[in-house]
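Summary of the model geometry
In case you want the letters, here they are:
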Amino acid sequence: MNIQKQIVSLKAKLGPSLCILAHHYQADDVVIHADIVGDSLELARQIPELAAEHIVFCGVHFMAETAAILAGANQHVYAPDVSAGCVMANMAPAPLLETILNRLQSGGKQVIPLTYVNSSAAVKAVCGRFGGSVCTSANAAVMLRWALDQGDAVLFLPDANLGQNTATAVGLGASAIKILNIRGGGQYVQALEPDHRLLLWPGVCAVHAKIHAEHIQKIRNRHPQGTILVHPECDPQVVALADGAGSTSYLINKVQQAATGRTMHIGTEANLVHRLQRQHPDKTICSLHPIWCSNMAKTTAEKLLDTLTHLQIQSVVRVGESIAASARLALERMLAVCS
Ligand code: SF4
């Protein structure tokens, strides 16, 4: 029996005790086995509703951690490859975040941390303890407005591009925004300055950073009638030149809603763009610039089969309760704001 048939057979055997979740950036041979496919927000929203005892998360580690935090006490979350990390999430270590928040607040001002879901559970826990929350690319503007109302300023992390693009969307001017210098263990960070409402952590998605303004200009010259849509992890210059920017769900919806015959150039992970090409043969869907996330690619059908075969202890994702409780608080604030 080939791998795909074995997965189908194991799924049938495990029945409702199993739920497989997959992010849009996963490859087709994994996605076809998923019970739920979505972006980070859609998947996080589903977790508290799931009854399955075994939740297999096909994505990267921070997503599986989020699932483990939101899952019930009798549920187990598994990652087919526990080494599938996220370069951006690794750019924001929790102890450094805590040091920097304390320095920023040393003048008596309240700085609310708002972390992109692409961050460790420990970072989410710091956000929970400091009165902050979590956002995804789908709700970043709503959550930034919420966070701005909670204190004197917001520290947005780890993605400076998403932070800047969201600031533009909510109308925050350049003078209100500062990119933090986090070098030297945070020693260069001072108490919050009165003009600053948004502080950006200097993190970046190494995958979306490969899309440059020149790629857009080249496509515009070749296909002036085409629509260019990008993910907001792209550089603000790229977002400014595109016809639209939004989460993976936004990109999918835009393609679905486009008229037959339309040409669209999509700036995000190639697995999603290729799937959209196959699902919409009546439209011309192209990669603005082909980019692949090597960490997303670590989850394969072989590893999924291995996880389902053994439901191994080594692929269980656990978050200690001391971190999980505060991280859950931060996530639940997001789910409440965006319910
Ligand atoms: S695409 Fe970028 S942000 Fe998403 S998992 Fe890969 S490195 Fe992290």
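From a predicted model like this one, the values you see are computed outputs, not experimental measurements. (Residues numbered from 1 in each chain as written. Predicted model: local features only at pLDDT ≥ 70, side-chain atom pairs only at ≥ 80, totals over all residues.)

Counting secondary structure elements, the protein contains 15 helices and 13 strands. Relative to its length of 339 residues, the protein is compact, with a C-alpha radius of gyration of 20 Å against a globular reference of 20 Å. Considering only C-alpha atoms, the protein reaches an extent of 65 × 55 × 35 Å along its principal axes. Put simply, the protein has 339 residues, and 49% of those count as buried. Across the protein, contacts joining residues at least 24 apart in sequence account for 68% of those joining residues at least 6 apart. (Helix = DSSP H or I, 4+ residues; strand = E, 2+ residues; numbered from the N terminus. Rg over C-alpha atoms; globule rule 2.2 N^0.38 Å. Buried ≥ 20, exposed ≤ 12 C-beta atoms within 10 Å, placed from the backbone. Contact = placed C-beta atoms within 7 Å.)

Of all residues adjacent to the ligand, which total 13 residues, the nearest are Cys86, Met88, Cys205, Val207 and Cys293. Tallied by class, residues from the shell around the ligand come to nine nonpolar, two polar and two charged. (Near = placed C-beta within 6 Å. Nonpolar A, V, L, I, M, F, W, Y, C, P; charged D, E, K, R; others polar.)

Strand order in the open sheet made by the five strands is β6-β5-β7-β9-β8, with parallel pairing throughout. Strand pairing shows two members of the sheet lacking a second neighbour, β6 (133–135) and β8 (177–179), which therefore form its edges. Neighbouring strand axes in the sheet, compared pairwise and without regard to direction, differ in orientation by 25° on average. As judged from the three bridges shared by strand β7 (residues 153–157) and strand β9 (residues 198–200), these two strands associate in the parallel manner. The residue of β9 that forms the bridge with phenylalanine 156 is leucine 200. In this fold helix α8 (residues 140–150) packs onto β5 (111–116), β6 and β7, with an angle of close to 165° to the strand it touches most, β5. Taken strand by strand, helix α9 (residues 160–170) contacts β5, β7, β8 and β9, and its axis lies near 155° from that of β9. (Pairing = 2+ DSSP bridges. Axes fitted to C-alpha atoms, helices over the stretch in contact; angles between N-to-C directions.)

This next bit is on helix α12 (residues 248–257). All buried positions along α12 are accounted for by Thr248, Leu251, Ile252 and Val255. Looking down the long axis of α12, one finds its buried residues gathered within 100° of arc, a one-sided arrangement. In this structure, α12 carries Asn253 and Gln257 as exposed residues pointing more than 90 degrees from its buried face. Tucked into the core, α12 has its buried residues touching β10 (227–230), β12 (263–267), α13 (270–279) and β13 (284–287). (Arc of directions from axis to C-beta.)

This paragraph deals with the domain arrangement of the protein. For the protein, the domain assignment lists domain 1 (3–85 + 296–318), domain 2 (88–204) and domain 3 (208–287). Using C-alpha coordinates to define each centre, domain 1 is positioned 28 Å away from domain 3. Contacts between the two partners involve eight residues from domain 1 and, on the opposite side, seven residues from domain 3. When grouped by side-chain class, the residues that make up the side of domain 1 that touches domain 3 number three nonpolar, two polar and three charged. (Domains from an automatic or database assignment.)

A few words now on the nonpolar core. Within the largest apolar cluster, 112 residues are counted, with the highest numbers of intra-cluster contacts made by Phe57, Ala67 and Val230. Aside from chain neighbours lying at most four places away, what touches valine 230 is Ile211, Val238, Val239, Ala242, Ala245, Gly267, Thr268 and Leu288. (Core = buried A, V, L, I, M, F, W, Y, C linked by C-beta atoms within 7 Å.)

Our next topic: the sheet that holds strand β3 (residues 54–58). The strand order across the open sheet built from four strands is β2-β1-β3-β4, with neighbouring strands paired in parallel fashion. The open sheet is flanked by β2 (36–38) and β4 (76–78), the only strands paired with a single partner. When the angles between neighbouring strand axes are averaged without regard to direction, this sheet yields 20°. For β3 and β4, the ladder comprises three bridges, and the chain directions are parallel. From the neighbouring strand, valine 56 faces β4, where its bridge partner is tyrosine 78. Here helix α4 (residues 61–70) sits on the sheet and contacts β1 (18–23), β3 and β4; the angle it forms with β3, its principal contact strand, is near 155°.

Across the five residues of β7, five count as buried, placing the element largely inside the fold. With five bridges joining them, β5 and β7 adopt parallel strand pairing. For proline 113, the partnering residue across the bridge sits in β7 and is leucine 155.

Between α8 and α9, the least distance of the axes is 9 Å, while the angle of their chain directions is 80°. The orientation of α8 relative to α9 falls into the category roughly perpendicular. Only Leu162, Thr166, Ala169 and Val170 of α9 make contact with α8, whose side of the interface consists of Ala140, Ala141, Leu144 and Arg145. (Parallel < 35°, antiparallel > 145°, perpendicular 65-115°, else oblique.)

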